[in-house]
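The residues making up each chain are set out below.
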Amino acid sequence: MTSRVSQIASHLILIILLTPAFVVAQEITDEGPDRHLLFSEGDIEWQKGPASLESGSEYAVLEGDPTKAGVFTMRIKMPDGFQVSPHWHPNVERVTVLSGTFLLGSGEELDENNTQSMNAGSYTSMPREMVHFAIAQGETVIQLTSVGPWVINYVNEGDDPRTRK
């Protein structure tokens, strides 16, 4: 009888310990798309913007909606010399460089001498609230995956193109 009680107690303790992890896992579940997504290069529809970046960039949403809660993937195309001033995001940002060279730096001042050069095929994953900046060398295309809503918080308010319009 003692062994049965001990076994039940062990199961209850295991359930109690695993329940918080299960609840957290449920909150961030990625249900994915409702259909198979497959994009050939010519299928990607580029748009001007987004408004949170300086003019001259283009973007294309491949999956999800960056303005809403949930996982999304988008591409951003930047002309040579394009800069993204120091900023941070409330969620993890995962970036793959598809073409061109993406100079990525961290810190509150945009300094080309304080960057790491990321060529096509390079990947980075930045934690929440990491202050960073970027400069494109040559036309550069990145693919960005994160959890929305996607928010850019500029370190210096004057660097935010949305407040200058």
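A short tour of the structure in this document, coming up. Not measured: the values here are computed from a predicted model.

## Description of the overall build of the chain
Inference 1: What the chain contains, in helices and strands, is 1 helix and 9 strands.
Inference 2: By residue count, 30% of the 165 residues in the chain fall in the buried class.
Inference 3: Partitioning the intrachain contacts of the chain with sequence separation of at least 6 by distance along the chain shows that 70% fall at a separation of at least 24.
Inference 4: Summing over all exposed atoms, the chain offers an accessible surface of approximately 10500 Å²; the carbon and sulfur share of this is 51%.

## Points about the nonpolar core
Inference 1: Judged by nonpolar contacts, the single largest core of 21 residues is most densely connected at Ile-76 and Phe-102.
Inference 2: Within the residue set of this core, elements represented by two or more residues are strand E3 (70-78), strand E5 (93-106) and strand E8 (132-148).
Inference 3: Not counting residues within four places of it along the chain, the set of residues in contact with Phe-102 comprises Met-78, Val-95, Val-97, Gln-116, Ser-117, Met-118, Ala-134, Ile-135, Thr-140 and Ile-142.

## Notes on the pairing of strand E4 (residues 83-88)
Inference 1: Pairing of E4 with E8 involves 3 bridges; the strand directions are antiparallel. Its bridge partner lying in E8, His-87 is registered against His-132.
Inference 2: The pairing of E4 with strand E9 (residues 153-154) spans 2 bridges and is antiparallel. Paired with Trp-88 across the two strands is Asn-153, which belongs to E9.

## Structural notes on a negative patch on the surface
Inference 1: Taken together, the side chains of Glu-108, Glu-109, Asp-111 and Glu-112 present a region of like negative charge at the surface.
Inference 2: For Glu-109, a relative accessible area of 65% gives the class exposed.

## Topic: the layout of surface pockets
Inference 1: Roughly 180 Å³ of volume is contained in the second largest pocket.
Inference 2: If you trace the second largest pocket, you find 13 residues lining it, with Pro-50, Tyr-59, Pro-66, Thr-67 and Trp-150 closest to the centre.
Inference 3: When grouped by side-chain class, the residues that make up the lining of the second largest pocket number 9 nonpolar, 2 polar and 2 charged.

## Notes on the packing of aromatic side chains
Inference 1: Using the criterion set out here, one finds 0 aromatic pairs in the structure.
Inference 2: Directly above the ring of Trp-46 sits Lys-77, whose terminal nitrogen or CZ lies 4.4 Å from the centroid.

## Thoughts on the pattern of salt bridges
Inference 1: Evaluated as defined, the whole model comprises 3 salt bridges.
Inference 2: A salt bridge links Asp-65 to Lys-68, with the nearest nitrogen and oxygen atoms 3.8 Å apart.
Inference 3: Since its relative accessible area comes to 52%, Lys-68 is described here as exposed.
Inference 4: A salt bridge links Arg-162 to Asp-160; its shortest N-O distance comes to 2.8 Å.

## Observations regarding unusual backbone geometry
Inference 1: Pro-50 follows Gly-49 through a cis peptide bond whose omega is 0 degrees.
Inference 2: Position of Pro-50 relative to the elements: it lies in the loop between strand E1 (47-48) and strand E2 (58-63).
Inference 3: Between Gly-148 and the following residue, Pro-149, the backbone shows a cis peptide bond with an omega angle of 0 degrees.
Inference 4: The residue Pro-149 is located in the loop between E8 and E9 in this model.
Inference 5: In this structure, Glu-129 is a non-glycine residue whose phi angle is positive, near 65 degrees.
Inference 6: As for its placement among the helices and strands, Glu-129 is situated in the loop between strand E7 (123-126) and E8.

Conventions and cut-offs
Residues numbered from 1 in each chain as written. Predicted model: local features only at pLDDT ≥ 70, side-chain atom pairs only at ≥ 80, totals over all residues. Heavy atoms only, no water. Helix = DSSP H or I, 4+ residues; strand = E, 2+ residues; numbered from the N terminus. Buried < 20%, exposed > 50% of the residue type's maximum accessible area, 1.4 Å probe, protein only. Contact = heavy atoms within 4.5 Å. Areas by Shrake-Rupley, 256 points an atom, 1.4 Å probe, with all protein chains shown as cover. Core = buried A, V, L, I, M, F, W, Y, C linked by side-chain atoms within 4.5 Å. Pairing = 2+ DSSP bridges. Patch = residues over 30% accessible without salt bridge, like charges linked within 9 Å, V, L, I, M, F, W, Y side chains within 5 Å. Salt bridge = Lys/Arg side-chain N within 4 Å of Asp/Glu carboxyl O. Lys, Arg positive; Asp, Glu negative; His and termini not counted. Charge placed at Lys NZ, Arg CZ, Asp CG, Glu CD. 1 Å grid on protein atoms, 1.4 Å probe; cavity = no way out; pocket = protein on both sides within 12 Å on 5 of 7 lines; lining within 4 Å. Points joined across faces, edges and corners; volume = space filled by probe spheres on them. Nonpolar A, V, L, I, M, F, W, Y, C, P; charged D, E, K, R; others polar. Phe/Tyr/Trp six-rings, centres within 6.5 Å; stacked < 30°, edge-to-face > 60°. Lys NZ or Arg CZ within 6 Å of the ring centre and 35° of its normal.

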